[in-house]
Amino acid sequence: SDDEMTFRMVSTSGDASSPQGMSIQMWADRMSELSDGRITGETFFQGELGGQQEVFDQMVRGNIDMVLELPQSSYDERVGVMSLPYLITDWDEARAAYSPDGWMQQLVEPILEDIGVKFFGVYPDGFGGIATKGSYATNHEDAQALNLKVRAIPTFPNPQTLKAMGYQAVPIDWNEVYTSIQTGVVAGDAGNIIYWDYEYFGDQLDYYVHTRHNFSYSSLMMSLDRWNALDAEDQEIVATAAREVIDQRYEGAQEFDAEWIQIAQDGGMEYIQPTDEELDGWAAVVQEQVWPEAEDAFGSEIMDVVRSNVQVGG
Amino acid sequence: MGALVAILVVVVLMFLGVPVVFSFAAMTLALSLIYGIEISSLMTTGFWAVNSVILLALPLFIMTGYVLQTGGLARRLIDFVEALVGNSKSGMGASMIVACAIFGAISGTASAAVAAIGRIMVDPMERHGYDRGYVAALLGASSLLGLLIPPSITMILFAVVTRQSVTACFLATVGPGILLMILLIIYNAIRIRMGGERPEQTVPVADRWQNVGSAGWKALPALMMPVIILGGIYGGFFTPTEAAAIALVYAIPVGMFIYRDLDLKGLFDCVVQAAATTGVIMVILVFSFIASRIFTMERIPQEMTGFLFEIFESPTAILVAVNLFLIALGMIMDDVSIIAITGPLLLPVMTEIGVEPVHFAAIIGMSVVIGCNTPPMAPILFLSCRVGNVGMSRVTKPALQLIFFTALPVQIAVTFWPGLSLFLPRALGYL
Amino acid sequence: MAIDTRPGSGAIQRVLTLIDRFDHWVTTAIRPIVVALGLLIAFAFAAGVFFRSVVGSPVFGLEELVLLAAMWFYLLGAGLASSERSHLSADFLPMLLGDGKAAQAVQLFATALSLMMAVFILVWSLDLVSWGLDKRQGTPVFGIPWVVSQASLMFGACLFIIYLSRDFLRDLLVLLGAREAD
Ligand code: NA
Ligand code: NA
């Protein structure tokens with residue numbers, strides 16, 4: 001079309017200089033370039049327009065057009081299938097599952113569409129770890145003996161996973177995490193790549209154990225109403241720009257994670273890589289305890305697809 | 001433009017006597033019409049903003065305030081402070097100020113101190129030759145120490161609307177609070193001295209210490225509260241919100257079983273009153289959060305920063321202008337409205353001119369202290385008059401004198417001496 | 001809440017009497033609920049600290065129950081404030097104007113504006129609730145529909161409207177000289 005349009009675009013995690021912040025800006029910039037300046041984006045970062053749940057709601061309602069953040073599972077618990085613990089173990093498997101042509105994308109896209117969300121795809125962060133202050137654990141027994149309390153997203157399967165791994169999961173608002181670590185309400189944070197823990201709480205945290213229990217990600221999404229209102233040409237521009245953002249992230253994410261592991265170590269944070277036996281031990285107990293619960297939460301239809309795509313207990 | 005309309009709508013409607021909550025609702029309606037934003041869907045924003053764990057501190061601290069009053073904790077504290085500071089004429093004024101400060105370390109609001117301490121101290125002070133109007137004014141000014149000395153629901157509100165750390169904001173107003181307390185004591189002593197009063201020591205020293213001992217023992221359960229609340233927060237046992245819950249759960253049995261001043265009926269009334277007070281604030285917040293969301297979406301703070309830089313050349317001039325604006329707004333608006341509207345609107349301006357958010361917390365906190373006691377909209381002064389049973393006409397002059405000689409100097413100190421507010425947060429590692 | 005028996009013009013007075021009866025009934029019902037909610041918030045939250053710090057196992061989902069109670073505590077509380085006509089407001093114009101006809105007219109106008117805004121609030125919260133019913137969003141741990149909590153806004157708005165209608169009628173009678181000012 002010839003219509004000029006401006007999209008309101010939000011990334012709730014990180015400021016303008018974080019990878020997410022720069023990526024949402026890139027999405028806006030690429031749309032503008034592809035449309036010769038006809039389509040522009042107005043970008044907002046971090047908590048400017050509210051927390052994750054609120055921004056997601058505002059997108060579903062159409063007050064915000066596009067977001068780069070975690071799809072919320074409050075509308076449909078099955079969205080949580082993307083966070084299943086010890087689902088995949090390396091980047092090749094990640095690509096096969098989460099890339100825009102991957103099986104996970106096929107599985108989740110219709111669920112999100114029912115909610116009113118156009119899902120462009122997963123924006124990968126990497127394999128998550130557990131960052132703590134004072135002491136750390138590399139296996140179930142140590143975590144339990146040290147009574148390590150870590151902050152977790154309260155939705156299934158996050159707290160259940162940490163509990164199975166021997167930690168105490170404490171639900172804390174992202175904005176309160178820093179103070180909570182500082183005052184000792186929790187010992188640390190769980191489920192993120194080292195970048196977030198070092199960049200945001202680095203002066204508080206001492207250790208980062210790369211537990212690799214979850215694949216950490218955001219997603220590029222858009223209000224479905226707004227998407228449907230676009231003509232084919234404009235849809236093509238929006239989707240192409242989104243795809244470019246995702247592709248670029250897949251190219252750089254692994255290196256980005258390695259870079260920040262180095263930066264964090266140089267900055268005095270101790271990086272711990274658990275042994276294969278330790279990781280297997282955690283994976284076994286988590287798959288034994290959390291996956292059956294997932295059967296109830298997500299339904300066997302979903303879990304059948306998951307099982308047909310991954311080797312469990314391998 | 002949007003900011004101007006918003007403030008204008010609120011001010012005009014409030015001036016006409018429309019309750020704050022409906023003035024705020026009208027403001028969001030006006031904003032949504034100007035910017036073509038569908039407001040009904042923004043209710044989501046209002047809901048998520050108020051549905052907040054941090055904000056739970058409000059109802060909890062407000063309930064605690066009522067329980068302190070009804071449960072006799074306030075009474076024991078005042079007895080202790082009176083024994084401590086002495087019963088000379090200027091000593092009584094100092095007692096009131098210090099009692100308000102200690103009360104401030106337990107309670108999150110200023111109004112709790114006015115009600116509790118005013119009921120107990122106004123009559124005896126008049127009997128000792130104080131002018132009733134001055135006593136009510138002094139009560140109004142001193143009670144605001146409760147807002148500066150943590151915990152403070154004013155600082156919680158600021159922290160929530162501007163997304164700062166509650167614990168850091170709490171610390172920012174401690175320095176200004178102590179300075180204000182000292183100035184109030186000095187001002188009171190000078191005023192009494194100039195009235196020709198000679199301090200008389202009626203109680204022998206030995207007896208006096210015995211009094212302090214026995215009053216202190218009786219006040220001990222109440223005196224434990226600041227230790228539990230502030231020690232708990234800064235010792236890492238709980239968050240400020242959890243501290244509020246602990247404070248209430250502690251105060252109820254103390255009032256019921258140790259002091260035996262609180263019965264079930266009393267507790268019932270405390271909670272009902274707290275619900276009404278909190279409910280009023282929360283519904284106001286729903287709309288102030290929606291308005292603040294529209295401000296951000298439409299990039300109004302940035303627009304305003306540019307505008308201010310056009311008019312005023314230097315950051316210092318902007319700082320002075322913002323201070324004057326806050327004080328002027330304080331005359332016509334209540335504390336909740338000021339924090340809710342100006343916090344998110346002005347913080348970006350402040351950051352732009354190099355003022356730390358936590359420093360701004362102290363600036364805005366002090367301006368609220370002044371605003372609460374400057375007519376025509378002077379909620380704390382009104383309450384003081386009501387509790388002290390004295391007309392506004394007798395209170396206005398001493399109240400304005402108190403502001404001019406104590407609160408205003410502190411406001412200037414806070415603004416131009418960042419160390420006053422930043423020292424403590426820095427020393428404890430919150431900056 | 002004593003039933004108001006001051007004389008007024010017939011029909012309006014009947015409506016006022018009706019609202020006063022409603023008020024008596026509603027506030028009697030709301031007060032104990034509010035007390036239960038308030039104490040629940042305090043004790044549940046304190047118990048949460050106890051389980052995390054002393055027992056060493058945090059209770060999941062406690063927060064969402066507390067928040068649910070809190071939303072209703074807030075809105076029922078705001079309703080009580082409406083019943084007592086004690087919503088935060090400035091009264092300097094009435095102070096300037098004294099208690100003559102001008103002041104009464106301004107008061108009536110302010111109440112009418114408030115009533116209009118209360119209707120808007122009801123419409124907006126109805127929209128929120130109907131959206132909530134449509135989308136069926138649930139809380140993270142127990143999956144309690146958020147609409148249970150959001151409905152408090154709608155309920156509160158209804159109370160605002162009822163009490164503001166009462167205030168409007170009373171202010172009108174005052175202006176007409178059929179009733180003494182409160
Ligand atoms: Na306080
Ligand atoms: Na004022």
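Scoring rules and cut-offs
Residues numbered from 1 in each chain as written. Chains lettered and ligands numbered in written order. Predicted model: local features only at pLDDT ≥ 70, side-chain atom pairs only at ≥ 80, totals over all residues. Heavy atoms only, no water. UniProt positions renumbered as here; feature names shortened; annotations may be inferred. Phe/Tyr/Trp six-rings, centres within 6.5 Å; stacked < 30°, edge-to-face > 60°. Helix = DSSP H or I, 4+ residues; strand = E, 2+ residues; numbered from the N terminus. Buried < 20%, exposed > 50% of the residue type's maximum accessible area, 1.4 Å probe, protein only. Contact = heavy atoms within 4.5 Å. Buried area = accessible area lost by both parts, 1.4 Å probe. Salt bridge = Lys/Arg side-chain N within 4 Å of Asp/Glu carboxyl O. Pairing = 2+ DSSP bridges. Axes fitted to C-alpha atoms, helices over the stretch in contact; angles between N-to-C directions. pLDDT = per-residue confidence, 0-100. Right-handed = clockwise from strand over helix to strand, strands pointing away. Left-handed = near helix turned anticlockwise from the far one by under 90°. Nonpolar A, V, L, I, M, F, W, Y, C, P; charged D, E, K, R; others polar. Polar contact = N/O pair within 3.5 Å; in protein donor to acceptor, adjacent residues only side chain to side chain. Parallel < 35°, antiparallel > 145°, perpendicular 65-115°, else oblique. Donors = N, O, S within 2.8 Å, 3.2 Å for Na, K, Ca; no water.

- As annotated in an unreviewed UniProt entry, chain C is TRAP transporter small permease protein from Paracoccus isoporae.
- If you open the UniProt record of chain C and go to Function (unreviewed entry), you find "Part of the tripartite ATP-independent periplasmic (TRAP) transport system."

### Observations regarding the packing of aromatic side chains
So, step 1. Across all of its chains, the model carries 33 aromatic pairs over all chains by this definition.
So, step 2. Ring plane angle 35° and centroid distance 6.3 Å describe the contact between Y167 of chain A and W282 of chain A, whose orientation is recorded as tilted. Placement of Y167 of chain A in the loop between helix 6 (158-164) and strand 7 (168-171) and of W282 of chain A in helix 11 (residues 276-298) is noted, with a sequence separation of 115 residues between them.
So, step 3. A relative accessible area of 1% means that W282 of chain A is categorised as buried.
So, step 4. When the ring of F50 of chain C is compared with that of F51 of chain C, the centres are 5.8 Å apart and the planes differ by 80°; the resulting orientation is edge-to-face.
So, step 5. With a relative accessible area of 43%, F50 of chain C lands in the partly exposed category.
So, step 6. Each residue in the set Y195, W196, Y198, Y200, F256 and W260 of chain A is aromatic and connected to the rest through ring pairs, giving one cluster.

### Let's talk about the interface of chain B and chain C
Where the parts come together, the accessible area they lose is often given as the size of the interface.
So, step 1. Opposite the 59 residues of chain B that make contact, chain C presents 55 residues.
So, step 2. Of the roughly 5000 Å² buried at the junction of chain B and chain C (both faces included), carbon and sulfur atoms supply 84%.
So, step 3. Taken together, chain B and chain C are joined by one salt bridge.
So, step 4. Ionic pairing is found between E242 of chain B and R52 of chain C, a salt bridge with its closest N-O pair at 2.8 Å.
So, step 5. Elements that contribute at least two residues to the side of chain B that touches chain C include exactly helix 1 (2-15), helix 2 (20-35), helix 3 (39-50), helix 4 (57-70), helix 14 (240-258) and helix 15 (264-297) of chain B.
So, step 6. When residues in the side of chain B that touches chain C are grouped by element, the largest group, 15 residues, is from helix 15 of chain B.

### Details of the sheet that holds strand 7 of chain A
All names here are of chain A.
So, step 1. What the six strands build is an open sheet, ordered 7-6-8-5-9-11; its pairing is mixed. One side of each edge strand has no neighbouring strand; the edge strands of this open sheet are strand 7 and strand 11 (270-272). Direction aside, neighbouring strands of the sheet carry axes that sit 30° apart on average.
So, step 2. Against the sheet, helix 8 (residues 194-201) engages strand 5 (129-132), strand 8 (188-192), strand 9 (207-209) and strand 11, with an angle of about 145° to strand 8.

### Here's the deal with the confidence of the model for chain A
So, step 1. Model confidence for chain A is summarised by a mean pLDDT of 91, while 98% of its residues fall at 70 or above.
So, step 2. Taken element by element, chain A is modelled with least confidence in helix 7 (residues 177-183) of chain A, mean pLDDT 81, and with most confidence in strand 9 of chain A, mean pLDDT 97.

### What about the environment of L205 of chain A?
Residue and element names in this part refer to chain A.
So, step 1. Mapped onto the secondary structure, L205 falls in the loop between helix 8 and strand 9.
So, step 2. When the C-alpha atoms of L205 and T183 are compared, they prove to be 12 Å apart, with 22 residues separating the residues in sequence.
So, step 3. Ignoring sequence-local partners within four residues, the contact set of L205 consists of A131, T132, K133, I181, A187, G188, D197 and M269.

### Points about the UniProt feature "transmembrane region" (unreviewed entry) in chain C
All names here are of chain C.
So, step 1. Feature annotation in UniProt assigns "transmembrane region" (unreviewed entry) to the following positions: residues 33-53, 65-81, 102-124 and 144-164.
So, step 2. Here residues 65-81 is 100% helix and 0% strand, with 24 Å between the C-alpha atoms at its ends.
So, step 3. Counted over residues 144-164, helix gives 90% and strand 0%. Its end C-alpha atoms are 32 Å apart.

### Overview of the pairing of strand 1 (residues 5-11) of chain A
Residues and elements named next belong to chain A.
So, step 1. Burial analysis of strand 1 places six of its seven residues in the buried class, which makes it a mostly covered element.
So, step 2. In the sheet, strand 1 pairs with strand 2 (residues 39-45) via seven bridges, with the strands oriented parallel. Of the residues in strand 2, the one forming a bridge with M5 is I39.
So, step 3. Handedness of the crossover joining strand 1 and strand 2 through helix 1 (residues 19-34) is recorded here as right-handed.
So, step 4. With two bridges connecting them, strand 1 and strand 3 (residues 66-69) associate as parallel partners. By the bridge assignment for strand 3, V10 is matched with V67.

### Comments concerning the packing of helix 1 of chain A against helix 10 (residues 232-266) of chain A
Residues and elements named next belong to chain A.
So, step 1. Put simply, helix 1 and helix 10 touch, their axes get as near as 9 Å, and they point 145° apart. For the element pair helix 1 and helix 10, the recorded crossing hand is right-handed. Residues P19, S23, M26, W27, R30, M31 and L34 of helix 1 lie in contact with helix 10, whose contacting residues are I237, V238, T240, A241, A242, E244, V245, Q248, R249 and F256.
So, step 2. Residues belonging to the contact of helix 1 with helix 10 are distributed by class as follows: 11 nonpolar, three polar and three charged.

### Thoughts on the interface of chain B and chain A
So, step 1. The partner chain A presents 21 residues to the 25 residues of chain B that form the contact.
So, step 2. Note on chain B versus chain A: buried area summed over both sides is about 2100 Å², and carbon and sulfur give 48% of it.
So, step 3. The interface formed by chain B and chain A holds three salt bridges in total.
So, step 4. For R8 of chain A, the salt bridge identified is with E298 of chain B, shortest N-O distance 3.2 Å.
So, step 5. The interface formed by chain B and chain A contains 10 residue pairs in polar contact (both at pLDDT 80 or more).
So, step 6. For the side of chain B that touches chain A, the secondary-structure elements that each account for two or more residues are helix 3 and helix 15 of chain B.
So, step 7. Sort the elements by how many residues they give to the side of chain B that touches chain A and helix 3 of chain B lands first, with six residues.
So, step 8. Along the lines of polarity and charge, the residues of the side of chain B that touches chain A split into nine nonpolar, 11 polar and five charged.

### Details of the sheet that holds strand 1 of chain A
All names here are of chain A.
So, step 1. Taking strand neighbours across the sheet as the criterion, the five strands line up as 2-1-3-10-4 in an open arrangement whose pairing is mixed. Edge strands, defined here as strands with exactly one partner in the open sheet, are strand 2 and strand 4 (117-127). In this sheet, neighbouring strand axes are inclined to one another by 15° on average, regardless of whether the strands run parallel or antiparallel.
So, step 2. Relative to strand 10 (residues 215-223), strand 3 is paired through four bridges, and the arrangement is antiparallel. Across the sheet, residue M66 finds its bridge partner in strand 10, namely M222.

### Thoughts on the packing of helix 15 of chain B against helix 2 (residues 62-83) of chain C
So, step 1. Orientation of helix 15 of chain B relative to helix 2 of chain C, taken along the N-to-C sense of each, is 100°, at an axis distance of 6 Å. The orientation of helix 15 of chain B with respect to helix 2 of chain C, classified from their angle, is roughly perpendicular. Contacts between helix 15 of chain B and helix 2 of chain C involve V271, V272, A274, A275, A276, T278, G279, V280, M282 and V283 of chain B from the first element and F73, Y74, L75, G77, A78, L80 and A81 of chain C from the second.
So, step 2. Classifying every residue of the contact of helix 15 of chain B with helix 2 of chain C gives 14 nonpolar, three polar and no charged.

### Here's the deal with the coordination of the sodium ion (ligand 1)
Residues and elements named next belong to chain B.
So, step 1. Those donors, G104 (O), S107 (O), G146 (O), I149 (O) and P151 (O), are the protein atoms that reach the sodium ion (ligand 1), and they lie 2.1 to 2.5 Å from it.
So, step 2. The sequence pattern describing where the donors of the sodium ion (ligand 1) fall on their chain is G-x2-S-x38-G-x2-I-x1-P.
So, step 3. A residue is classified by how much of its surface remains accessible, and G146, at 0% relative accessible area, is buried.
So, step 4. A residue is classified by how much of its surface remains accessible, and P151, at 0% relative accessible area, is buried.

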